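Okay, here's what each chain looks like letter by letter:
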Amino acid sequence: MVLNARLDHRDPLVFDTHELGRRPGALQRLTRTVDAPRDFGIQGVIGVPEGAPVELDLRLESVMEGVLVTGTARAKAEGECVRCLEPLEHQLEADFQELFSYPDADDRGRPVAEPGDDAEDDEDRLFVEDGLIGLEPVLRDAVVLALPMQPVCQDDCQGLCSECGVRLSDDPDHHHDAVDIRWAALQGLAGSLGDGEKDEMSGAEAGVDEKQEK
Ligand SMILES: [Zn+2]
Ligand SMILES: [Zn+2]
């Protein structure tokens, strides 16, 4: 694994620690607005659209074994309600903290031949590479953790009507049984009115006939 080939100082999610230096206790605060990378969120559920602004507040701290990064990412995520499928927006605020180790020392300060060589512990470890740190994997994990797994448009979203698919929050009194009963009652009423009209009609006709006879 060639770690050094991965980071590019032109990448907006790569930070240079040369200015911070390696003296333990040195601090640097940074703010940067970056474009969201592709697939930034929970795929198919909710995420920050690619290219949307992500505001970063960062604090870099030089410690014995590397650089400790503490930060907050803010962005607007978009998704859809899992109950009613309406589009929704979510103001994302993700906090994170991560240690980037110097590749020439493990966490006890002992020299290490190559970062990510063979030890399984190293799989999740991140390294300062040529003085650069790549924040993307840290940010990705933090954003996924901060997003709702089951986003809803509102806490009490009632979802969709199982019979006709109408969004129940738009029509809270929506009820199919009640409509059926009313309809049946109207049909019965219409039937009895029809009979009465026929009787009156025949009576009127009879009256007209009588007048014509005079
Ligand atoms: Zn909903
Ligand atoms: Zn319905």
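Right, let's walk through the structure included here. Everything quoted here is computed from the prediction, not taken from an experiment.

Calculation rules
- Residues numbered from 1 in each chain as written.
- Chains lettered and ligands numbered in written order.
- Predicted model: local features only at pLDDT ≥ 70, side-chain atom pairs only at ≥ 80, totals over all residues.
- Heavy atoms only, no water.
- Donors = N, O, S within 2.8 Å, 3.2 Å for Na, K, Ca; no water.
- Tetrahedral: all angles 85-135°; square planar, octahedral: opposite > 155°, others 65-115°.
- Helix = DSSP H or I, 4+ residues; strand = E, 2+ residues; numbered from the N terminus.
- Buried < 20%, exposed > 50% of the residue type's maximum accessible area, 1.4 Å probe, protein only.
- Phe/Tyr/Trp six-rings, centres within 6.5 Å; stacked < 30°, edge-to-face > 60°.
- Lys NZ or Arg CZ within 6 Å of the ring centre and 35° of its normal.
- Salt bridge = Lys/Arg side-chain N within 4 Å of Asp/Glu carboxyl O.
- Pairing = 2+ DSSP bridges.

The protein atoms that coordinate the zinc ion (ligand 1) are C81 (SG), C84 (SG), C153 (SG) and C157 (SG), at distances of 2.3 Å. Relative to the metal, the 4 donor atoms surrounding the zinc ion (ligand 1) lie at angles of 105 to 116 degrees, and the coordination shape comes out tetrahedral. Each donor residue of the zinc ion (ligand 1) belongs to the same chain, with the gaps between them written as C-x2-C-x68-C-x3-C. On the criterion of sequence distance, the pair formed by C84 in the loop between β6 (66-80) and β7 (87-101) and C157 in the loop between α1 (136-146) and α2 (176-213) is long-range, its members being 73 residues apart. Like C84, the residue C157 is buried in the burial classification.

Six octahedral donors around a metal ideally make angles of 90 or 180 degrees; four tetrahedral donors ideally make 109.5 degrees. For the zinc ion (ligand 2), the full set of protein donor atoms is C161 (SG), C164 (SG), H174 (NE2) and H176 (NE2), and the range of their distances to it is 1.9 to 2.3 Å. Each of the 4 donor atoms bound to the zinc ion (ligand 2) contributes to angles spanning 103 to 115 degrees, and the resulting shape is tetrahedral. One chain supplies every donor for the zinc ion (ligand 2), spaced along it as C-x2-C-x9-H-x1-H. Residue C164 is located in the loop between α1 and α2, and its partner H176 is located in helix α2; the two are separated by 12 residues in the primary sequence. On the accessibility criterion, C164 (42% relative accessible area) is partly exposed.

It is worth spelling out the packing of aromatic side chains at this point. Applying the stated criterion across every chain, the model contains 0 aromatic pairs. The ring centre of Y102 lies 3.5 Å from the NZ or CZ of R22, which sits over that ring.

Tallied over the entire structure, the rule returns 7 salt bridges. Notably, a salt bridge pairs E89 with K76, separated by 3.9 Å at the nearest N-O pair. You can see E89 sitting in strand β7 and its partner K76 sitting in strand β6, a full 13 residues away along the chain. Classification of E89 as exposed rests on a relative accessible area of 52%. Residue R140 pairs with E136 through a salt bridge whose shortest N-O separation is 2.7 Å. In this pair, R140 and E136 both sit in helix α1, 4 residues apart, roughly one turn of the helix. Here the salt bridges do not stand alone but share partners, grouping D57, R74 and E93 into one network.

All right, on to the pairing of β6 then. Two faces belong to every sheet, and in a regular strand the side chains alternate between them. Relative to β6, strand β4 (residues 46-48) runs antiparallel, the two being bridged by 2 bridges. Bridged to G47 within β6 is E78. With 9 bridges joining them, strand β5 (residues 53-63) and β6 adopt antiparallel strand pairing. Among the inter-strand pairings, L56 is bridged to a residue of β6, identified as A73. Relative to β7, β6 is paired through 15 bridges, and the arrangement is antiparallel.

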